[in-house]
Amino acid sequence: MDRHALHIQGREAEAGAGASGYLTIDLAALRRNYQKLSAAVAPATVAAVVKADAYGLGAQQVSKALHAQGCRQFFVAHLAEAIELRSLLPNDTQIAVLNGLQPGAEITCAKANIVPVLNSLEQFRRWSFTAQKLGRVLPTVLQFDTGMSRLGVPLQERTALAAVLKDCRSIEILFIMSHLACADEVDNKQNADQLAEMRLIAAEFADLDVCFANSGGVFLGRDYHGALSRPGIALYGGAPIAGRPNPIEPVVRLDVAVIQTRTVPAGTRVGYGGAHVTSAETRLATIAAGYADGLPRSLSDRGAVFFDGVRLPIVGRVSMDSITVDITALPEGTLSLGSLVEVLGPHQTLEDVAEAAGTISYEILTGLGRRYERRYR
Ligand SMILES: *Cc1c(COP(=O)(O)O)cnc(C)c1O
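Model, not experiment: these values are computed from the prediction.

Cut-offs used in this document
Residue numbers run consecutively from 1 along every chain, following the written order of its sequence. Totals for whole chains, interfaces and linings use all residues, but because this is a predicted model, local features are given only for residues with pLDDT of at least 70 and pairs of side-chain atoms are given and counted only at 80 or more. As a rule here, side-chain values cover all heavy atoms of the structure and leave hydrogens and water aside. UniProt positions are given in the numbering used here, feature names are shortened, and annotations may be inferred rather than shown by experiment. Secondary structure elements follow DSSP: runs of H or I no shorter than four residues count as helices, runs of E no shorter than two count as strands, and numbering proceeds from the N terminus. In this description, contact between two residues means that some pair of their heavy atoms is separated by no more than 4.5 Å. Three labels apply to residues, based on accessible area from a 1.4 Å probe with only protein chains included: buried if under 20% of the type maximum, exposed if over 50%, partly exposed otherwise in between. As used here, the arc belongs to the directions running from the helix axis to the C-beta atoms. Residues are labelled near a given molecule or strand when at least one of their non-hydrogen atoms is within 4 Å of it. What qualifies as a polar contact is a pair of N or O atoms within 3.5 Å, subject to a donor-acceptor requirement within protein and to the restriction that residues adjacent in sequence count only when both atoms come from side chains. When residues are sorted by character, Ala, Val, Leu, Ile, Met, Phe, Trp, Tyr, Cys and Pro go into the nonpolar class, Asp, Glu, Lys and Arg into the charged class, and all the rest, Gly among them, into the polar class. The definition of a nonpolar core used throughout is a set of buried Ala, Val, Leu, Ile, Met, Phe, Trp, Tyr and Cys residues joined through side-chain atoms within 4.5 Å. Delimitation of the domains relies on an automatic or database domain assignment. Whenever a pair of cysteine sulfur atoms sits within 2.5 Å, that pair is classed as a disulfide. Pairs were defined over the aromatic rings of Phe, Tyr and Trp, the Trp ring being its six-membered one, requiring ring centres within 6.5 Å. Orientation was assigned from the angle between planes: stacked under 30 degrees, edge-to-face over 60, tilted for the rest.

1. Here we look at the UniProt feature "modified residue: N6-(pyridoxal phosphate)lysine" (unreviewed entry) in the protein
Logical step 1: When the UniProt feature table is mapped to this numbering, "modified residue: N6-(pyridoxal phosphate)lysine" (unreviewed entry) covers K51.
Logical step 2: Positionally, K51 belongs in helix α3 (residues 51–55).
Logical step 3: With near-sequence residues (within four places) excluded, K51 lies in contact with F75, V76, A77, E81 and L98.

2. Points about the UniProt feature "domain: Alanine racemase C-terminal" (unreviewed entry) in the protein
Logical step 1: Per the UniProt record, the feature "domain: Alanine racemase C-terminal" (unreviewed entry) sits at residues 251–377.
Logical step 2: Across residues 251–377 one finds 12% helix and 35% strand; the C-alpha atoms that close the span lie 10 Å apart.

3. Comments concerning helix α5 (residues 79–86)
Logical step 1: Regarding α5, the residues found buried are A82, L85 and R86. One side of α5 carries all its buried residues, which in axial view fall inside an arc of 100°. Projecting away from the buried face of α5 at angles above 90 degrees are the exposed residues A80 and E84.
Logical step 2: In the core, the buried residues of α5 are packed alongside α4 (59–68), β4 (73–76) and β5 (94–97).

4. Brief notes about the site of the ligand
Logical step 1: Around the ligand, the surrounding shell holds 14 residues, and the nearest of these are K51, Y55, S215, G232 and Y362.
Logical step 2: Between the ligand and the protein, one listed contact pairs a nitrogen atom with a side-chain N or O atom of R230 at 2.9 Å.
Logical step 3: The side chain of Y362 places a nitrogen or oxygen atom 2.6 Å from an oxygen atom of the ligand.
Logical step 4: Of the residues assigned to the shell around the ligand, the class counts are seven nonpolar, four polar and three charged.

5. Re the nonpolar core
Logical step 1: In terms of nonpolar packing, the biggest core is built from 110 residues, with F75, L142 and Y236 touching the most fellow members.
Logical step 2: Each of domain 1 (3–24 + 250–376) and domain 2 (27–236) accounts for three or more of the residues forming this core.

6. Topic: the state of the cysteines
Logical step 1: Summed over the entire model, instances satisfying the criterion amount to zero disulfides.
Logical step 2: With no disulfide of its own, C71 has C211 as its nearest cysteine by sulfur position, at a separation of 11 Å.
Logical step 3: In this structure C109 is not part of a disulfide, and its nearest cysteine sulfur, from C168, lies 16 Å away.
Logical step 4: Take C109: its relative accessible area is 2%, and that puts it in the buried class.

7. Re the packing of aromatic side chains
Logical step 1: Summed over all chains, the structure comprises four aromatic pairs.
Logical step 2: Between F144 and F205 the ring centres are 5.0 Å apart and the planes differ by 50°, which places this aromatic pair in the tilted class. Of the two residues, F144 sits in the loop between β7 (138–143) and α8 (158–166) while F205 sits in the loop between α9 (189–204) and β9 (210–211), which places them 61 residues apart along the sequence. When sorted by exposure, F144 lands in the same class as F205, which is buried.
Logical step 3: A centroid spacing of 6.1 Å and a plane angle of 0° characterise the contact between F212 and Y224, whose relative ring orientation is stacked. With F212 in the loop between β9 and α10 (215–218) and Y224 in the loop between α10 and β10 (228–229), this pair connects stretches of sequence that are twelve residues apart. Both residues of the pair, F212 and Y224, count as buried.

Okay, structure coming up:
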């Protein structure tokens, strides 16, 4: 589906009743993005990062669509997310938990056929103890810290872990992995530093497959691909590399209904705090989404929405449930109650909204609220 078709379908939502915002998720575009990323890393393969409800788009729908596209490896952050997915995906899939193996979760994790990412020697010991107790060989993805200081086996534990691994028959290591801190910045030296560190580790843990690249890493070149890449944001249409044209198709479109319009004279205060005062006669429209719907308050007097390609600036503060926009640029009578304005779509990308809000696409995407009617295409 091209952008225009998606746009038209968004507009058709006007006929629907009840909801006043429509989040349209183009699963065909998602699948094409998966294909594109797969082609970029081949012969390596692509796992899907579907944590945080697939970045807010619906882990269930997203994972099923990606499974149909051939994806067999999925990453989430929490065990609870993995358990929910496990019941939806066939047993030929691996579901791994990035945040690691929490004390007390070992048996649940093993019995549910979920792969913990092990982030320390201590986690490794608990998992192998569990394997012995159950009389099974249990799988894992072993994560190393290569310079982010967030998750993963720290440098000081590497030698001890290598020694423990030598005599360990109860654990199957599917991949060794690490995470890039600056993959969206092509010229950041930390990328090369982390790659060098990852190569040292790969040499120390010979014969194990490497899982390294997130979305940005996929576009840093072959050296970063390993055997399995783990993109998230790029699957969902976010730009993998900052400041570069986005090679990825948009997946999300957000349209929000107008719930009131008015004309006010110059010198009129708009919104909470009276923070905006009109400088001329202004036509205003109030739309039915606010910060409780994931449109940050930092968009106050900064962001915009679009109608038929015309930019309608946000005026005054973003409220919890609504935003007021200046529609003076539109011919009178163009907008009426129930008209849908574009918040995300062909005229405004995730990155545009994120930039206006002073944040990143990830935060906008994962924050899009529960009150929109979701439409999967
Ligand atoms: C979230 C996450 C990813 C996905 O990152 P994107 O930048 O969205 O591609 C990959 N690996 C780890 C460890 C993560 O936490």
